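# Architecture and fold: a report
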Amino acid sequence: MTPEQIRREVSAWLDANWRVDRPLIEWRNLLLEAGWAAPHWPEEWYGRGFTLEQTVVVVEVFREMAAVPAAQVGPRGLASETILACGSDDQKRRFLRPILTGEHTWCQLFSEPGSGSDLAGLSTRAEFKDGNWILNGQKVWNTSAHHADFGLLVARTDWDVPKHQGISYFLLDMRQPGVEARPLRQMNGHQSFNEVFMTNAVVPPEDLIGGEGNGWHVAKTTLSFERRGFSRRVRGSTLDGPKQGPIYEEYEEELRIAAEPYTWYPQREGRVDLVLPRARETGAIADPATRQEIAKLICLHTGAKLASDSAEAKRKAGTTDIIPEGSIGKLAASVIARQASLVHTMISGADAMLSGPESAADGLIAEILVSVPAISIAGGTDEIQRNIISERVLGMPKGYRADQGPFRDIKRNA
Amino acid sequence: MHIEFSPEQQLLRDIVSRALREKSPATAVREQMASDRGYDPAVWQELCGDAGLAGVHLPEAYGGAGGGAVELGIVAEEMGRTLFCGPFLASAVMAGGALLEAANEADRAELLPGIATGATIATLVLDDLNSPVGVGGSIAATVDGVLSGTAAMVVDAHVADLLLVVAKGGSSLGLYAVEADASGLDIAPLEVVDQTRKLSRVTFSDTPSREIGQLTRQSLNRLWDRVCSALAHEMIGGAQHLFESTVAYTKQRFQFGRPIGSFQALKHRCADLLLEIELARAVTYHSARCLDAREGEPYAASMAKAAAADAYMSAARAAIQLRGGIGFTWENDTHLWFKRAKGSEVLFGTPAIHRERMMTLLESAA
Ligand SMILES: Cc1cc2nc3c(=O)[nH]c(=O)nc-3n(C[C@H](O)[C@H](O)[C@H](O)COP(=O)(O)OP(=O)(O)OC[C@H]3O[C@@H](n4cnc5c(N)ncnc54)[C@H](O)[C@@H]3O)c2cc1C
């Protein structure tokens, strides 16, 4: 279908079906049936098999007509894409619909106190007892876990094989007595991530995804979605036009809760968009040293944008690309954020000491300065991205490994 | 704007790259840099004449191939990769660009075909190589085109048949053509860091010339942008060569019982370098597309020149550091690229000058 055809079909469908007095869930179920909830998914799973460009057209029409889209915010995308790629039909039937309607929110339960970068070194234990998987252990840094209904969880099911082989991947119901999420306060004052304790938490066998011992493969699928999305994460789409009516109230409430942990995410990327306006407003634009740093930032930012457009074009054309977009893009995002943070500091001068309402741009500048350190940690640290680039892209030899053989015998954190 | 290269452009790259690998190995570069002339006329004729590389970016009406800044960039990048020795930058890029930007139609028709076929070696004489703002301060022309003054550094003037001079004539800038055997013309070769690109001091003492066009600040800037974009491509090619050869070296060299490429300090330095080169490459390719589309070209060219120069120097520093002692020897080829990187970094404006130019343009647009 051409963009014009899609545009016409979506508009006609919205004209016939979009009503602001419909309950949110009922509306989203209509979307699902019509294939407008996730147009890039296959037809049998609420989609239309659209390409990314075709999907963008659909999103645009929804925005222009101020029609509420399927639920998108937060880690639910990681869940739905992972389930779509690795789940059984039964799992797709049970989980995909409520993710899209917004009935279920999700979180990612990967990192542990003892294993972060070394995700495959995890030690949360899952044992099969009396027909169910019983989970014990602790996860940490889990964004949105405090309000999530389900979690994507990796746990160890075999301690006698090499570390990557003994892992299984579960879809964990968070609303049970054996699961407790405790919010953690971050250095920027927000409480987005949590620690999560599992004490005899129960997972029925039908919620093991990808098969026993196959969890590392499924986890890599999730991670590749995460890295790819890093520079262009889908946030709650803003809708054009007046938004009056009950469905908007429900939608706003959903966003308020689901998007709350992410309000500072644009700041951790350095807010390059604020640099020139701030430099002009403060007069720092006249300072030669500041101008040099701003221009360096622009070179990096423009280069990263052009490089990712070009990688995208190559991917579409099917020509092989030696550059794994994810790791390079993620490292670029860190470099840019750090340079932006430096520039914002130069622009503010001594005012960079202030925070909250005292700080410029309604506190945003202070928030940038104390949020940027997260970008080079979350989703795989800069050092890990450099390992991936040097070993997988450049083919540089792997170093000495101390973690081979049965997991049981590997040295790890107490 | 097209983000990717067309199949024809890809083919051009493959052909040029293959030819240069054959004709411009490091042994040939060493031979030419040690010679007074600095290049091999037979190779020049074959590549830039017969194969048409000198005219890749010139209109077909003047004997060129009809390509644009993108095609020119492809050739420059491949030349930079092998450190090709020859007056390509001086003749095809600088002088050819000056004729396109500033010469009258009749003079273009007369002079460009020689440049396009490589038969004429030309160069462009500018009395300031730091910034277009300073050009025209040191060479003056009378109404009859008699030139006097000095250009402190001119690329490949020692081999030029034709010198195109930007000089102040009255209150405006003109483009003047001087034959190599003109009276009152002194060309004094200079000792240079990068021996693969020769420089001379050119002095005019009542030297007769022919005025062939006028330059506005705008056309001078556009000329500057063309040259900077081509030079940025050349630098990306050089950086890529250094990067690849350095990564390969770390896989072969053993210390402490393992290849040095398995040490994380070196891996991370290589990963960072890859990122720096990729980002610089992206803005460099972008500058050529902007020139061809006549859209935002000064800004894009300055961005490219600044980013490519920094990336080339990073690659050059790493290439020596990661080789250790051997990297600091005359015998090892790395220093040839290091010196080209250093020379290119400051030719037509240091990165700092170009960043300042970006900001000035940004502010005047706001
Ligand atoms: C804002 C934020 C949100 C997050 N959200 C989630 C989430 O929703 N779900 C989730 O599961 N996790 C989440 N994380 C966790 C994140 O993925 C981990 O923090 C990260 O992978 C690093 O692990 P770690 O904290 O254990 O540090 P460590 O792995 O202990 O790393 C400590 C230092 O050692 C370095 N290092 C480790 N291994 C190597 C190596 N092989 N080579 C070189 N250097 C190395 C690291 O780069 C780092 O500098 C989040 C983190 C942050 C900051």
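Residues numbered from 1 in each chain as written. Chains lettered and ligands numbered in written order. Predicted model: local features only at pLDDT ≥ 70, side-chain atom pairs only at ≥ 80, totals over all residues.

## With respect to the overall build of chain A
In terms of helices and strands, chain A carries 13 helices and 8 strands. On C-alpha atoms alone, chain A measures out to a radius of gyration of 23 Å, which is about the 22 Å that the 2.2 N^0.38 rule sets for 414 residues. By principal-axis analysis of the C-alpha atoms, chain A measures approximately 70 × 60 × 45 Å. Of all 414 residues assigned to chain A, the portion counted as buried reaches 43%. (Helix = DSSP H or I, 4+ residues; strand = E, 2+ residues; numbered from the N terminus. Rg over C-alpha atoms; globule rule 2.2 N^0.38 Å. Buried ≥ 20, exposed ≤ 12 C-beta atoms within 10 Å, placed from the backbone.)

## Here we look at the overall build of chain B
Broken down by element type, chain B carries 11 helices and 10 strands. The C-alpha atoms of chain B give a radius of gyration of 20 Å, which matches the 21 Å a tight globule of 366 residues would have. With the C-alpha coordinates aligned to their principal axes, the bounding extent of chain B is approximately 75 × 50 × 35 Å. With 366 residues in all, chain B has 55% of them scored as buried. In chain B, the share of contacts with a sequence separation of at least 24, taken over all contacts with a separation of at least 6, comes to 75%. (Contact = placed C-beta atoms within 7 Å.)

## Observations concerning the domain arrangement of chain A
All names here are of chain A. By domain assignment, chain A separates into domain 1 (3–73 + 235–258), domain 2 (100–228) and domain 3 (264–393). For domain 1 versus domain 2, the separation of C-alpha centres amounts to 30 Å. Each partner contributes to the interface: domain 1 provides 13 residues, whereas domain 2 provides 6 residues. For the side of domain 1 that touches domain 2, the secondary structure elements donating two or more residues are helix 2 (24–34) and helix 7 (246–259). Take the side of domain 1 that touches domain 2: its biggest share by element is 5 residues, from helix 2. In terms of residue class, the side of domain 1 that touches domain 2 is built from 10 nonpolar, 1 polar and 2 charged. (Domains from an automatic or database assignment. Nonpolar A, V, L, I, M, F, W, Y, C, P; charged D, E, K, R; others polar.)

## Side note on the packing of helix 1 (residues 7–23) of chain B against helix 4 (residues 69–82) of chain B
Residues and elements named next belong to chain B. Following both chains from N to C, one finds helix 1 and helix 4 inclined at 25°, their axes separated by 9 Å at the closest point. Overall, the two elements helix 1 and helix 4 adopt an arrangement that is roughly parallel. Here helix 1 runs over helix 4; the crossing is right-handed. Here helix 1 contributes Gln 9, Leu 12, Arg 13, Val 16, Ser 17, Leu 20 and Arg 21 to the contact with helix 4, which in turn contributes Val 70, Glu 71, Ile 74, Val 75, Glu 78, Met 79 and Thr 82. (Axes fitted to C-alpha atoms, helices over the stretch in contact; angles between N-to-C directions. Parallel < 35°, antiparallel > 145°, perpendicular 65-115°, else oblique. Left-handed = near helix turned anticlockwise from the far one by under 90°.)

## With respect to the domain arrangement of chain B
Residues and elements named next belong to chain B. Here the domain parsing of chain B yields domain 1 (7–116), domain 2 (122–215) and domain 3 (218–365). On a C-alpha basis, the centres of domain 2 and domain 3 stand 29 Å from each other. Taken together, the contacts link 11 residues of domain 2 with 13 residues of domain 3. Its residues assigned to classes, the side of domain 2 that touches domain 3 shows 6 nonpolar, 3 polar and 2 charged.

## Focus on unusual backbone geometry
Here the phi dihedral of A:Asp362 falls at roughly 60°; this positive angle occurs in a residue that is not glycine. Position of A:Asp362 among the secondary structure elements: in the loop between helix 11 (325–348) and helix 12 (364–371).

## Focus: the site of the ligand
If you check the shell around the ligand, you find 20 residues, and the closest are A:Phe110, A:Gly116, A:Ser117, A:Thr381 and A:Glu383. Neighbouring residues of the ligand are not confined to a single chain but are spread across chains A and B. Counting residues per element, the ones that place at least two in the shell around the ligand are strand 1 (106–109) and helix 13 (382–393) of chain A. With 3 residues, the single largest contributor to the shell around the ligand is helix 13 of chain A. Residues belonging to the shell around the ligand are distributed by class as follows: 8 nonpolar, 11 polar and 1 charged. Residue-level mapping places the shell around the ligand at the junction of two domains, with at least three residues from each of domain 2 (100–228) and domain 3 (264–393) of chain A. (Near = placed C-beta within 6 Å.)

## Thoughts on the interface of chain A and chain B
Of the residues lining the interface, 34 residues belong to chain A; the matching set on chain B comes to 31 residues. Within the residue set of the side of chain A that touches chain B, elements represented by two or more residues are helix 10 (288–317), helix 11 and helix 13 of chain A. Here the side of chain A that touches chain B gets 17 residues from one element, more than from any other, and that element is helix 10 of chain A. Residues belonging to the side of chain A that touches chain B are distributed by class as follows: 20 nonpolar, 7 polar and 7 charged.

## Concerning the packing of helix 10 of chain A against helix 9 (residues 297–321) of chain B
Each pair of packed helices can be described by the angle between their axes along with the distance between the axes. Following both chains from N to C, one finds helix 10 of chain A and helix 9 of chain B inclined at 95°, their axes separated by 10 Å at the closest point. Comparing their axes, helix 9 of chain B and helix 10 of chain A come out roughly perpendicular. In this structure, helix 10 of chain A uses A:Ala295, A:Ile298, A:Cys299, A:Thr302 and A:Gly303 to contact helix 9 of chain B, whose residues at the interface are B:Met303, B:Ala306 and B:Ala307.

## Regarding helix 12 of chain A
Counted residue by residue, helix 12 of chain A has 6 buried out of 8 residues, so it is predominantly covered. Along helix 12 of chain A, the positions that sit buried rather than exposed are A:Ile365, A:Ala366, A:Glu367, A:Ile368, A:Leu369 and A:Ser371.

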